[in-house]
Amino acid sequence: MELALWVARRMLGRTAPNPAVGAIIADETTGEVITRGWTQEGGRPHAEGYALARAGAGARGQTMYVSLEPCSHHGRTPPCAEAIVAAGMRRVVCAIEDPNPEIAGRGLAVLRRAGIAVDVGLCAEEARWMAAGHILRMTQDRPFVQLKIAVSGDGLIAPGDGAPRWVTGPEARQFAHILRARADAILVGRRTVADDNPELTCRLPGLERRSPRRVILDAAFRTPPTARMLETAGRVPVTIFGETGTAAPAYPKGVEVRRMPPGPDGRLSLAVVLESLAAEGVTRVLVEGGPTIADAFLKADLVDEVVIGHGTEKLGASGRMPVGGGGLNFLGDGQRWQTVEERSIGADRLSIHHRTARFAAKA
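Residues numbered from 1 in each chain as written. Predicted model: local features only at pLDDT ≥ 70, side-chain atom pairs only at ≥ 80, totals over all residues. Heavy atoms only, no water.

Moving on, we come to the environment of Ala279. Among the structural elements, Ala279 can be located in helix H10 (residues 270-279). Note: C-alpha distance between Ala279 and Phe330 (51 residues apart in sequence) is 30 Å. (Helix = DSSP H or I, 4+ residues; strand = E, 2+ residues; numbered from the N terminus.)

What follows is the structure, given as structure tokens:
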């Protein structure tokens, strides 16, 4: 199952609106891995169908380990559960059930009716976080939200005066590009565009084409058409959310303008923005905005994972708090946040934090 999760992880950011799933066909009498399968780019074929096609007759009588319940409904491809039955498999080990109401236990029921042994729950916690975008889209009408922050040795961020200043080393910055490649969309606020004029693409060699859509929250459409992000919109699309009734300048090709009424606080509703993105298949959003955007997402309890790169250089008086006025103090709330990983990355340190109790024990 760990191997199934590993091959699924490689496809994060490439399978929306479908989840990234891994499937392993193994001979339990010998311990041999017969074949590995994973959801293909664009979501089709599914991991199970791809693994069965690769295994051919070798799948008969064997066991499949799959990170998410096989589908049971007819879509653009036949149901994976029926394909498993037709292949003559003996056993299926599934990490978690699929919360999609079109499936939701029906795929496992198809297998059991056919006499296939079914076990559920192996590596369930890891699988839920792997499929977090899919689960949240199915159950809460929003994508998974990952907040990325880079801080200096004294826990601050660069001043944002229009001149880029790195607070972490090259290895940590490369990891940030991997996060971009695993996302379906990158979201920032207008101030980040004005302060840093970023491109927000994935520029790691070999991963350039995996740059996701960029999203800007800009209530009054003050982002100029000459911003670097918009100049590349023909290659990597940009969506700008603004208020209803507000005029937008003539943006370049590839820039989509979406208008929405302000929320009760007079600002753009983050929940409505996320719902709009989820409705068209976005499952994973990487928030790379400044302290105001980060604070807003956290206060709305819409952040599922926080990834922090901790540099060694100190900024002192020139630095700013990374989140509102309280810095990273919010992570001290053990009832809400759990540190799941800490490791070195080059000369820096990386920490990853999960919002606790985000998923029910059973989807």
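With that settled, consider the sheet that holds strand E2 (residues 32-38). Sheet strands associate in pairs through backbone hydrogen bonding, adopting either a parallel or an antiparallel arrangement. Reading across the sheet, the five strands line up as E2-E1-E3-E4-E5 and stay open at both edges, with mixed pairing between neighbours. The open sheet has two edge strands, E2 and strand E5 (117-120), and neither has a second partner. Direction aside, neighbouring strands of the sheet carry axes that sit 15° apart on average. Pairing of strand E1 (residues 22-27) with strand E3 (residues 63-66), which is carried by four bridges, proceeds in the antiparallel orientation. When the bridges of E3 are listed, Ala23 appears paired with Val66. Along the sheet, helix H1 (residues 2-9) contacts E1, E2 and E3; its crossing angle with E1, the most-contacted strand, is approximately 145°. Along the sheet face, helix H4 (residues 106-113) touches strand E4 (91-94) and E5 and points at about 150° away from the line of E5. (Pairing = 2+ DSSP bridges. Axes fitted to C-alpha atoms, helices over the stretch in contact; angles between N-to-C directions. Contact = heavy atoms within 4.5 Å.)

What follows deals with the pairing of strand E9 (residues 238-243). With five of six residues buried, E9 lies mostly within the body of the structure. In this structure, E9 lies alongside strand E10 (residues 255-260), joined through six bridges in parallel fashion. The partner of Phe241 across the bridge, within E10, is Arg258. (Buried < 20%, exposed > 50% of the residue type's maximum accessible area, 1.4 Å probe, protein only.)

A separate point is the packing of aromatic side chains. Counting across every chain of the model gives three aromatic pairs. Summarising the aromatic geometry, the rings of Trp38 and Tyr50 are spaced 5.4 Å apart at their centres and angled 65° between planes, so their arrangement reads as edge-to-face. Placement of Trp38 in strand E2 and of Tyr50 in helix H2 (residues 47-55) is noted, with a sequence separation of twelve residues between them. Judged by its relative accessible area of 23%, Tyr50 is partly exposed. Ring geometry for Trp129 versus Phe144: centroids 6.3 Å apart, planes at 80°, classification edge-to-face. Taken together, the residues span a long stretch of sequence, with Trp129 in helix H5 (residues 124-130) and Phe144 in strand E6 (residues 144-151) at a distance of 15 residues. For the residue pair Trp129 and Phe144, the accessibility class agrees, reading buried in each case. Its guanidinium or amino end placed over the ring of Trp166, Arg173 lies 4.5 Å from that ring's centre, counting from NZ or CZ. Positioned above the aromatic ring of Phe175, the side-chain terminus of Arg343 is 5.5 Å from the ring centre. (Phe/Tyr/Trp six-rings, centres within 6.5 Å; stacked < 30°, edge-to-face > 60°. Lys NZ or Arg CZ within 6 Å of the ring centre and 35° of its normal.)

With respect to the helices, strands and loops of the structure, Arg91 is situated in strand E4. Polar side-chain contacts of Arg91 include one of 2.5 Å to the side chain of Glu28. Not counting residues up to four positions away in its chain, the partners in contact with Arg91 are Glu28, Gln62, Thr63, Met64, Tyr65, Ile116, Ala117 and Asp119. (Polar contact = N/O pair within 3.5 Å; in protein donor to acceptor, adjacent residues only side chain to side chain.)

The next point concerns unusual backbone geometry. Of note, the amide linkage connecting Ala16 to Pro17 takes the cis form, showing an omega dihedral of 10°. Along the polypeptide, Pro17 turns up in the loop between H1 and E1. Omega for the peptide link from Arg44 to Pro45 comes to -10°, which places this bond in the cis form. Positive phi values are uncommon outside glycine, yet Asp141 reaches one of about 55°. When you line up the elements, Asp141 lands in the loop between helix H6 (132-140) and E6. If you check the backbone angles, Asp301 has positive phi at about 55° while not being a glycine. Tracing the backbone through its elements, the reader meets Asp301 in the loop between helix H11 (291-299) and strand E12 (305-310).

Moving on to the sheet that holds strand E13 (residues 337-345). One open sheet holds the nine strands; their spatial order is E10-E9-E8-E7-E11-E6-E12-E14-E13, and the pairing between them is mixed. Whereas interior strands pair on both sides, the edge strands pair on one side only; in this sheet they are E10 and E13. Along the sheet, successive strands turn relative to each other by an average axial angle of 20°, direction set aside. As judged from the eight bridges shared by E13 and strand E14 (residues 348-355), these two strands associate in the antiparallel manner. Counted as the bridge partner of Glu341 is Ile352 from E14. Lying on the sheet, helix H7 (residues 170-181) is in contact with E6, strand E7 (185-189), strand E11 (284-287), E12, E13 and E14; it crosses E13 at an angle near 130°.

Okay, the nonpolar core next. Counting residues in hydrophobic clusters, the biggest one holds 48 residues, and the most contacted among them are Ile25, Leu52, Met64, Ile84 and Leu111. Look past the residues within four positions of Met64 in its chain and what remains in contact with it is Ala23, Ile24, Ile25, Glu48, Leu52, Ile84, Met89, Arg91, Val92 and Val93. Counting residues in hydrophobic clusters, the runner-up holds 32 residues, among them Met260, Val303, Leu328 and Phe330. (Core = buried A, V, L, I, M, F, W, Y, C linked by side-chain atoms within 4.5 Å.)

Right, let's get into the pattern of salt bridges. This model, assessed by the stated rule, comprises 22 salt bridges. Residues Lys148 and Glu288 are paired through a salt bridge, measuring 3.7 Å at the closest nitrogen-oxygen approach. Of the two residues, Lys148 is situated in strand E6 and Glu288 in the loop between E11 and H11; the sequence distance between them amounts to 140 residues. The exposure class assigned to Lys148 is buried, which follows from its relative accessible area of 18%. For the salt bridge of Arg258 with Glu280, the shortest nitrogen-to-oxygen distance reads 2.4 Å. Separated by 22 residues along the polypeptide, Arg258 in strand E10 and Glu280 in the loop between H10 and E11 bring together distant segments of the chain. When its relative accessible area of 12% is taken as the criterion, Arg258 is described as buried. Sharing partners across several salt bridges, the network here consists of Arg142, Asp301, Asp304, Arg336, Arg355 and Arg358. (Salt bridge = Lys/Arg side-chain N within 4 Å of Asp/Glu carboxyl O.)

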